[in-house]
Amino acid sequence: MVPITSWAQQQDTTTVEEQLERAFEELDPEESGLTGEQLTQFLEDLSSNPININRAGLDDLLQVPGINLKIARAIIDYRGEKPFETREELLEVSGIGPATYRRMQPYVTIGGTGAQFRDMYMRPEYWLADRKFDIFSRYQQDNEQREGYRRPDSLGGYLGSPVKYYQRLRMTTNHLSVNLTQEKDPGETLNGITDFDYNSSHIAFVDNGKLNDLVIGDYSVSFGQGLVLWSGGAFGKGREVTGTVSKNERGIKPYSSAQETDFFRGVAASYGETVELTVFYSDRARTASIIEGDTTRFPSSAGFHRTENELKRKDNIDQKTYGGRVRVDTRFGLIGATGYYNSFSSYIAQGTSISNRFDFEGSDHSVFGVDYRGLIRNAFVFGEVARSENGGFGAVAGLEAPVGEDTELALLYRNYQRDFQSFFASGFGERSSAPQNEEGLYIGLRHDLNQKVMLSGYFDQYRFASPTFGTTQATGGFDMLGLVEVFFNSQLNVYLLLRNEIQDEEYVVVNEMGKGELRVGQEKRSSIRANFEYHVSPMVRLRSRVEYVRNQEAGGIQEDGFLIYQDLRIQPILKLRVDGRISLFDTDSFTTRVYQFESDLLYVLSNTVLYNQGQRAYIALKYDITEFADIWFKYGITIFEDTQVLGSGLGEVRGNKRSSIGLQVRFQF
């Protein structure tokens, strides 16, 4: 008989996947791609190494999804009276209801309250306590040949094989982290273990008295509400309408992701408790398109070096960044100030589009900001104000508060001026790019009608004061979402999701004189989704989904899209889990595309876009070979009904089929 605790651990893993699905399935894969992998890895690692709520400090508690400053303070006050004996006791803490508990459950654990020893730094046992070794090896490949592999090198073809290969070696202890990550993208060359196109490494010292973090090598920094410095991804607009609009800073984190651009390389340290001081320095090579001489475009975020031209541009510009932060824990809340100075070795020129008119241009750049997180009675308030060197301002302010016993409210206002330039930032907003040229107001509301029915929704209105990509004037729009979730019992839950977005869009009409006239209209996109999930037993889960999408571009006709799928998860034994899905889709064009979040290899974010007509199927499995080794496998195939050519340029595929295979092995000891 399988132990109940083992099934509970598997349920925690499932909950992490569900949270990632809630965070990313409403986003275009291109928008979530740069930061999604890092957030995925952050949550998976946090689930594997959960926070001890009996001993964790304020900053550690704030890493947990669902915990804000108000809840973290309440947990500390509760355990001051008596230690937690079970995770379920969190439901007795003020501000934690069933929905919040479900979000934090995979990332917390119960442990003793004894203090860690701090005076044995010279003993090997101190640095090696609770050590874990992880070795990853991942292989992925598209099975159909793309045009880039047919062309010779002299005509711009890909130089390497279509295999995507990733490996990572990591050792972690209570106070130490050592890591090496290597990756080769499809089309890139690999001629030996030292010839990976991307290499990332670090050695990090963590939780050593007042020295909170010291990282040498690659690291990420996330402070305030993200207007000055934020890397590593964050929750935003999606099915979680409350509890996600504010950011809980992660500070300095050792970097081990395969995402090739969103990190720093050098040294960083944070020190202190009530007053925490952070300093960092980074010097790394970047890749940029050359205009002429020493003038380039802004460095690319793609990270591909597959052709001779891409290789010529690799690491052709140097980027130096240094900065710091001071944060004070006061009785009013957490108050911080963050700033950095950045210098490029080349002159960065703006793009030529009208939408690039307020983008950064030059060699040197700096940003400074002040942020706060505090409590006003039972309301959690937060915000940040920042100024870039050219005088542009960005600001965000919000609150999360209960309204009665069963209702939660989230409000957020942001105003990012069109000339605010903060390219390490990631503020809340309609667009996934750095916070710039956007003003908006978000209102989110969640209400527990009873123990089985939850109603939630948001309304977000926004405005772009200057042209965005594809427009020549100011535009705006609004986005709204409504969600009804019904938990009939522990086996069956159903939700109905409605979403509607209307955004200004330019289009051209031909007048009576035969000349084109530019006009502004509205692009309207709406969707409705019904999702059914039934746990036949702890070993079998069924999920069915039906989704309809309607889109009408400004001056155009209405187009429709449709998706239906049946999903099956089987876990016949504790060591083996199998996921399978069959999907049917039918859309009039790419504008009515539909998305589906898929099970995949560990740390791989898979949010598939489907359009035109066809079917998709995949199977994914995870098998624990031994106590210290496990294996993941995925095969997926999409068949299109109405085309014999897929993609374009070097990515063009002949035929109506696309399939891929992935295999990953992990050793832990």
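Thresholds, definitions, all that
Residues numbered from 1 in each chain as written. Predicted model: local features only at pLDDT ≥ 70, side-chain atom pairs only at ≥ 80, totals over all residues. Heavy atoms only, no water. Helix = DSSP H or I, 4+ residues; strand = E, 2+ residues; numbered from the N terminus. Contact = heavy atoms within 4.5 Å. Areas by Shrake-Rupley, 256 points an atom, 1.4 Å probe, with all protein chains shown as cover. Lys, Arg positive; Asp, Glu negative; His and termini not counted. Charge placed at Lys NZ, Arg CZ, Asp CG, Glu CD. Core = buried A, V, L, I, M, F, W, Y, C linked by side-chain atoms within 4.5 Å. Buried < 20%, exposed > 50% of the residue type's maximum accessible area, 1.4 Å probe, protein only. Salt bridge = Lys/Arg side-chain N within 4 Å of Asp/Glu carboxyl O. Phe/Tyr/Trp six-rings, centres within 6.5 Å; stacked < 30°, edge-to-face > 60°. Lys NZ or Arg CZ within 6 Å of the ring centre and 35° of its normal. Pairing = 2+ DSSP bridges. Polar contact = N/O pair within 3.5 Å; in protein donor to acceptor, adjacent residues only side chain to side chain. Expected span 1.5 Å × (residues − 1). Patch = residues over 30% accessible without salt bridge, like charges linked within 9 Å, V, L, I, M, F, W, Y side chains within 5 Å. pLDDT = per-residue confidence, 0-100.

## Remarks on the overall build of the protein
Part 1 of the argument: For the protein, the count of helices and strands is eight helices and 33 strands.
Part 2 of the argument: Taken over the C-alpha atoms alone, the protein extends approximately 80 × 60 × 55 Å along its principal axes.
Part 3 of the argument: A sequence separation of at least 24 residues applies to 60% of the contacts in the protein between residues at least 6 apart.
Part 4 of the argument: As presented, the protein carries roughly 30200 Å² of accessible surface, and 56% of it is formed by carbon and sulfur atoms.
Part 5 of the argument: Here the protein contributes 71 positive and 92 negative side-chain charges, whose respective centroids are spaced 1 Å apart.

## What about the nonpolar core?
Part 1 of the argument: Ranked by internal contacts, the top residues of the largest apolar core, which has 69 residues, are Ile75, Leu90 and Leu229.
Part 2 of the argument: Here this core gets six residues from one element, more than from any other, and that element is helix H4 (residues 69-81).
Part 3 of the argument: For isoleucine 75, the residues in contact, after removing those within four places along its chain, are Ile53, Leu61, Ile67, Phe84, Leu90, Val93 and Ile96.
Part 4 of the argument: In this structure, Val549, Leu563, Leu610 and Leu646 belong to the second largest nonpolar core, which totals nine residues.

## So, the pattern of salt bridges
Part 1 of the argument: According to the stated counting rule, one finds 37 salt bridges in the structure shown.
Part 2 of the argument: Aspartate 197 is the partner of lysine 314 in a salt bridge, and the nearest nitrogen-oxygen pair spans 3.0 Å. Here aspartate 197 lies in the loop between strand S5 (176-184) and strand S6 (198-208) and lysine 314 lies in the loop between helix H8 (308-313) and strand S13 (317-330), a separation of 117 residues in the sequence.
Part 3 of the argument: With relative accessibility at 27%, the residue lysine 314 sits in the partly exposed group.
Part 4 of the argument: Aspartate 479 is the salt-bridge partner of arginine 499, the closest N and O atoms lying 2.8 Å from each other. Of this pair, arginine 499 sits in strand S22 (residues 492-510) while aspartate 479 is found in strand S21 (residues 475-487), placing the two residues 20 residues apart along the sequence. Comparing arginine 499 with aspartate 479 shows no difference in burial state: the two are buried.

## Section: the packing of aromatic side chains
Part 1 of the argument: Tallied over the full model, the rule gives 28 aromatic pairs.
Part 2 of the argument: Centre to centre, the rings of phenylalanine 264 and phenylalanine 424 are 5.0 Å apart; their planes meet at 55 degrees, and the pair counts as tilted. Highlighted residues: phenylalanine 264 in strand S9 (residues 264-272) and phenylalanine 424 in the loop between strand S18 (407-416) and strand S19 (438-448), separated in sequence by 160 residues.
Part 3 of the argument: On the accessibility criterion, phenylalanine 424 (15% relative accessible area) is buried.
Part 4 of the argument: Ring geometry for phenylalanine 428 versus tyrosine 442: centroids 5.3 Å apart, planes at 75 degrees, classification edge-to-face. Within this pair, whereas phenylalanine 428 is found in the loop between S18 and S19, its partner tyrosine 442 is found in strand S19, the two being separated by 14 residues in sequence. Residue phenylalanine 428 shares its accessibility class with tyrosine 442, and that shared class is buried.
Part 5 of the argument: Feature note: the residues Tyr219, Phe264, Phe280, Phe298, Tyr340, Phe344, Phe360, Phe423 and Phe424 constitute an aromatic cluster, connected by ring pairs.
Part 6 of the argument: The residue whose ring lies beneath arginine 102 is phenylalanine 487, and the NZ or CZ to ring-centre distance is 4.8 Å.

## Points about the pairing of S19
Part 1 of the argument: As judged from the ten bridges shared by S18 and S19, these two strands associate in the antiparallel manner. Pairing of leucine 409 across the sheet is with leucine 445, part of S19.
Part 2 of the argument: Counting the residues in the hairpin turn of S19 and strand S20 (residues 453-464) gives four residues.

## Focus on the environment of aspartate 134
Part 1 of the argument: Turning to its location among the elements, aspartate 134 is positioned in strand S3 (residues 132-142).
Part 2 of the argument: Each C-alpha atom, one on aspartate 134 and one on leucine 449, is 45 Å from the other, the two residues being 315 residues apart in sequence.
Part 3 of the argument: Within polar-contact distance, the side chain of aspartate 134 engages the side chain of glutamine 668 at 3.3 Å.

## Points about unusual backbone geometry
Part 1 of the argument: Positive phi, normally seen in glycine, also occurs at aspartate 315, with a value near 55 degrees.
Part 2 of the argument: Mapped onto the fold, aspartate 315 is located in the loop between H8 and S13.
Part 3 of the argument: Positive phi, close to 55 degrees, is recorded for arginine 377, a residue that is not glycine.
Part 4 of the argument: Relative to the helices and strands, arginine 377 is located in the loop between strand S15 (362-376) and strand S16 (379-388).

## With respect to H4
Part 1 of the argument: An ideal rise of 1.5 Å per residue puts 18 Å on 13 residues; H4 measures up with 19 Å between its terminal C-alpha atoms.
Part 2 of the argument: If you check which residues of H4 are buried, you get Leu69, Lys70, Ile71, Ala72, Ala74, Ile75, Tyr78 and Arg79.
Part 3 of the argument: You can read the cap of H4 off the contacts: a side-chain oxygen lies 3.1 Å from the backbone nitrogen of lysine 70, and it is on asparagine 68.

## Describing the environment of threonine 321
Part 1 of the argument: Its location among the elements puts threonine 321 in strand S13.
Part 2 of the argument: Of the residues examined, threonine 321 reaches a relative accessible area of 1% and is grouped as buried.
Part 3 of the argument: Along the chain, threonine 321 and serine 346 lie 25 residues apart, while their C-alpha atoms are 14 Å from each other.
Part 4 of the argument: For threonine 321, the contacting residues outside a window of four places in its chain are Phe264, Phe280, Tyr281, Ser282, Tyr340, Tyr341, Asn342 and Phe424.

## Some words on a negative patch on the surface
Part 1 of the argument: A grouping of Asp586, Asp588, Glu641 and Asp642 is seen on the molecular surface, where their side chains present a negatively charged patch.
Part 2 of the argument: Examined against the element boundaries, glutamate 641 turns out to sit in the loop between strand S30 (629-640) and strand S31 (645-646).

## Remarks on the side chain of aspartate 185
Part 1 of the argument: Of note, aspartate 185 is situated in the loop between S5 and S6.
Part 2 of the argument: With no salt bridge to any partner, buried aspartate 185 finds its closest opposite charge in lysine 164, at an N-O distance of 4.2 Å.
Part 3 of the argument: Once you skip the residues sitting within four places of it in the chain, aspartate 185 turns out to touch Val163, Lys164, Glu260, Gly303 and Phe304.

## Some remarks on the confidence of the model for the protein
Part 1 of the argument: Mean pLDDT over the protein: 88, with 94% of residues reaching 70 or higher.
Part 2 of the argument: Taken as a whole, residues 1-9 scores under 50 in pLDDT and shows seven contacts with residues more than four places along the chain or in a different chain.

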